[in-house]
Amino acid sequence: MQEIELKFLVPESRLKGLMRQAQVKSSKHMQLAAHYYDTSDQKLAQAGIGLRIRKEGDTWVQTIKAGGDGIAARLEHNAVLDNEQVQAMLDSDTLAPDLTIYKDTSVAPALAAFKLKKLAKKLTRLYVTDVERITRLLIKDNNDEDEDGSSIEMAYDHGEVIHGLDDTQRDSIQEIEFELVTGDVDFLFATAKTWCKRYKLCLSTVTKAERGGLLIRGQNHSAAVSADLSQLTVNKDSSMPAFVRAAVHNCLLHILPNSSAIVAGSIDNTHVLQLTIGLTRLQAALTVFADYSDEINPDWLPILTQTAALLSDYQELTYLAAHIEPKLQSCGAPSVDWTADIDALKIQPLDVVSANDFQLTLLELIAFTMSDPSLEPKADKPAVDKLVKTLSKQYTKFIETERRLQDKNAANDNGPYSEDSKSVNLKSRNHNQVQDDLYCQLVNLRYASEFASRLLNKKKAKKKTKRWLKHVLKAQKAMEKYRKHALYQQRYQLKSATDINALYGAGWFAATLKKDVKRAKKRLANVQDSPTFW
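Small disclaimer: the values here were computed from a predicted structure and weren't measured.

Quick word on helix α6 (residues 208–217)
Next, step 1: Residues of α6 that are buried include every one of Lys208, Arg211, Gly212, Gly213, Leu214 and Leu215, and no others.
Next, step 2: Each element contacted by the buried residues of α6 is listed here: β1 (2–9), β2 (28–38), β6 (124–139), β7 (151–163) and β8 (170–182).
Next, step 3: A positive phi of about 70° marks glycine 218, the residue just after α6.

So, in structure tokens, the structure goes:
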């Protein structure tokens, strides 16, 4: 069967209030002792499969989870085991899963890449979890005209994951899950939003199996996740509403693992960087394909934009400290300490990502991807028929903005700086605004082209598509490099007011910007000269 659930981390400040709602008269308490199995090199985990034997009250259950949408839905198969047989195996230290029970089941395709007999011999207990679970059934209040029987199981888990070979190595578990039992998935999301608002919950895609794998590897968080277009599930028959849902889903597969790591305490700059890139891809999808669905909420974009901007502030400073400073010092620059500047940021990545508005937006986006596209008015319109027009429109915007920038550059070359300071400042701001517009158009064009290429990339045109995307990517990177170097130059210039050593960095980047401009112009020209693939 398919399991649909949402998992959240609970902030300590809200735990007492949440427990009052979790522990009502109808709540049930259960001790869960689970043994998780995999090969020593974690082949199952690499395939997205979790396999366990767990004692649930007085019953032993073997469970495998696999596949699904990578966010809220997974395939799950449960088999009740014979208690006496399990106890006998525990006494002899031979407890192991029975893989033969999965033949001809819904999870069989997930195991198709493995030879089950060979796999069974390699399985070992890698870790265990000891969890106290409090469950409560939440039932939708229905009127006489709306009796869909929707119900959700709320489960609060508190306990530990323990290394299978060294029980001194442990990690705490404190999370709450909402699983759809019966009825409408909309009730699941409405309930989750209510609890999220009230208790400031933070979405997490980290499973207990993943937690165990991290413990074994001695890691606190999984590696940062980058974009993977191979996971974009579209085909030539995809409707416009289905296509934009697939694009948003692909972005969420990029965003959620990184945001989950940050709300769990990661300060790794790669998580922040990849989350920022994921948000940029998502903004592009929602902007360019806005008219593909009537269900896109215009309130999503401002929140996503603000979140990405706040993360960029932190990412810029930490990048200066970790990468730019060592590079400059290797060239003979005096040291500049950015620690105080980073600490002085009023909002850290954890604050940004755990913000309630952002978490609620993520919930709404997940709900959007899981909603039925066939119910929309444009469900009968194939995306492939619309994409050419969409990309052409975006390309035209890019060309027009690039021409405006050329005109601005020409005007500046004709001596605008001979005017009074107010005019100079105004022209400079206008010039910078056009540059920003061009960069945004290029980013939207790049990501929209990548999404669309999954449908428009015909066999005979693969080289043409690849060449086009390569030129757009190079142009975007060139402009991004120029923009970042300009920001770094400004930061070093401002820093020099309190630390004279920063003047070296300010001068270095001022000189670098001249090369950046030439490179960006060349890359932008290549995009215009390259024939489009649609």
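Concerning the environment of aspartate 141
Next, step 1: You can see aspartate 141 is positioned in the loop between β6 and β7.
Next, step 2: Taking the C-alpha atoms as reference, aspartate 141 lies 9.6 Å from serine 151; in sequence the two are ten residues apart.

Side note on the packing of helix α9 (residues 300–330) against helix α15 (residues 462–495)
Next, step 1: Running from N to C, α9 and α15 cross one another at 80°; their axes reach a closest spacing of 11 Å. Judged on the interaxial angle alone, α15 and α9 are roughly perpendicular. Between α9 and α15, the residues in contact are Asp313, Glu316, Leu317, Tyr319, Leu320, Ile324, Glu325 and Leu328 and Leu487, Tyr488, Arg491 and Tyr492, respectively.

Here we look at the pairing of β6
Next, step 1: As judged from the eleven bridges shared by β2 and β6, these two strands associate in the antiparallel manner. Residue methionine 30 lies in a different strand from β6, and its bridge partner there is arginine 133.
Next, step 2: The pairing of β6 with β7 spans 13 bridges and is classified as antiparallel. Paired with valine 131 across the two strands is glycine 159, which belongs to β7.

A few points about the side chain of glutamate 76
Next, step 1: On the secondary structure map, glutamate 76 appears in strand β5 (residues 73–80).
Next, step 2: Overall, glutamate 76 belongs to the buried group, its relative accessible area being 8%.
Next, step 3: Sequence-distant contacts of glutamate 76, defined by excluding residues within four places in its chain, comprise Met1, Glu3, Thr63, Ile64 and Lys65.

Some remarks on the pattern of salt bridges
Next, step 1: Under the counting rule described, the total for this entry stands at 24 salt bridges.
Next, step 2: Between glutamate 177 and arginine 133 there is a salt bridge, with its nearest N and O atoms 3.8 Å apart. Pair noted here: glutamate 177 is in strand β8 and arginine 133 is in strand β6, with a separation of 44 residues, a long-range link.
Next, step 3: Its relative accessible area of 8% is what places glutamate 177 among the buried residues.
Next, step 4: The partner of lysine 208 in a salt bridge is glutamate 175, with the nearest N and O atoms 2.6 Å apart. Linking lysine 208 in helix α6 with glutamate 175 in strand β8, this pair joins segments that are 33 residues apart in sequence.
Next, step 5: Salt bridges sharing common partners tie together Lys7, Arg133, Asp157, Asp171, Glu175, Glu177, Lys208 and Arg211.

Structural notes on unusual backbone geometry
Next, step 1: The backbone of aspartate 104 shows a phi angle near 65°, a positive value even though the residue is not glycine.
Next, step 2: Within the secondary structure, aspartate 104 sits in the loop between α3 (83–91) and α4 (116–122).
Next, step 3: Judged by its relative accessible area of 72%, aspartate 104 is exposed.
Next, step 4: Not every positive phi belongs to a glycine, and lysine 200 is a case in point at roughly 55°.

Comments concerning α9
Next, step 1: Its 31 residues give α9 an end-to-end C-alpha distance of 44 Å, which sits within 8% of 45 Å, the value for a rise of 1.5 Å per residue.
Next, step 2: Helix geometry: α9 is bent most strongly at leucine 320, by close to 40°.
Next, step 3: Phi turns positive, to about 100°, at glycine 332, one or two residues after α9.

What about a positive patch on the surface?
Next, step 1: A cluster of basic side chains, namely Lys466, Lys470, Lys474 and Lys522, defines a positive patch on the protein surface.
Next, step 2: With three residues, α15 is the largest single contributor of residues to the positive patch.
Next, step 3: Summarising the element assignment, lysine 466 is placed in helix α15.

Some details on the packing of aromatic side chains
Next, step 1: Counted by the stated rule, this structure contains 19 aromatic pairs.
Next, step 2: Here phenylalanine 178 and tryptophan 195 contribute two aromatic rings whose centre-to-centre distance is 5.4 Å and whose plane-to-plane angle is 65°, an arrangement assigned as edge-to-face. Residue phenylalanine 178 is located in strand β8, and its partner tryptophan 195 is located in helix α5 (residues 185–199); the two are separated by 17 residues in the primary sequence.
Next, step 3: On the accessibility criterion, phenylalanine 178 (0% relative accessible area) is buried.

Concerning the environment of threonine 207
Next, step 1: Along the chain, threonine 207 turns up in the loop between β9 (202–203) and α6.
Next, step 2: Sequence separation between threonine 207 and lysine 7 is 200 residues, and the spatial gap between their C-alpha atoms is 8.6 Å.
Next, step 3: Apart from the residues lying within four places of it in its own chain, the contact partners of threonine 207 are Lys7 and Arg74.

Looking at the environment of glutamate 295
Next, step 1: Counting through the fold element by element, glutamate 295 comes out in the loop between α8 (269–288) and α9.
Next, step 2: The spacing of glutamate 295 and glutamate 376 is 81 residues in sequence and 8.2 Å in space, taken between C-alpha atoms.
Next, step 3: Those residues in contact with glutamate 295 that lie beyond four places of it in its chain are Arg245, Trp300, Phe368 and Glu376.

Here is what the cut-offs are and how they apply
- Residues numbered from 1 in each chain as written.
- Predicted model: local features only at pLDDT ≥ 70, side-chain atom pairs only at ≥ 80, totals over all residues.
- Heavy atoms only, no water.
- Buried < 20%, exposed > 50% of the residue type's maximum accessible area, 1.4 Å probe, protein only.
- Helix = DSSP H or I, 4+ residues; strand = E, 2+ residues; numbered from the N terminus.
- Contact = heavy atoms within 4.5 Å.
- Axes fitted to C-alpha atoms, helices over the stretch in contact; angles between N-to-C directions.
- Parallel < 35°, antiparallel > 145°, perpendicular 65-115°, else oblique.
- Pairing = 2+ DSSP bridges.
- Salt bridge = Lys/Arg side-chain N within 4 Å of Asp/Glu carboxyl O.
- Expected span 1.5 Å × (residues − 1).
- Bend = angle between axes of the 7 residues up to and from the residue.
- Patch = residues over 30% accessible without salt bridge, like charges linked within 9 Å, V, L, I, M, F, W, Y side chains within 5 Å.
- Areas by Shrake-Rupley, 256 points an atom, 1.4 Å probe, with all protein chains shown as cover.
- Lys, Arg positive; Asp, Glu negative; His and termini not counted.
- Charge placed at Lys NZ, Arg CZ, Asp CG, Glu CD.
- Phe/Tyr/Trp six-rings, centres within 6.5 Å; stacked < 30°, edge-to-face > 60°.

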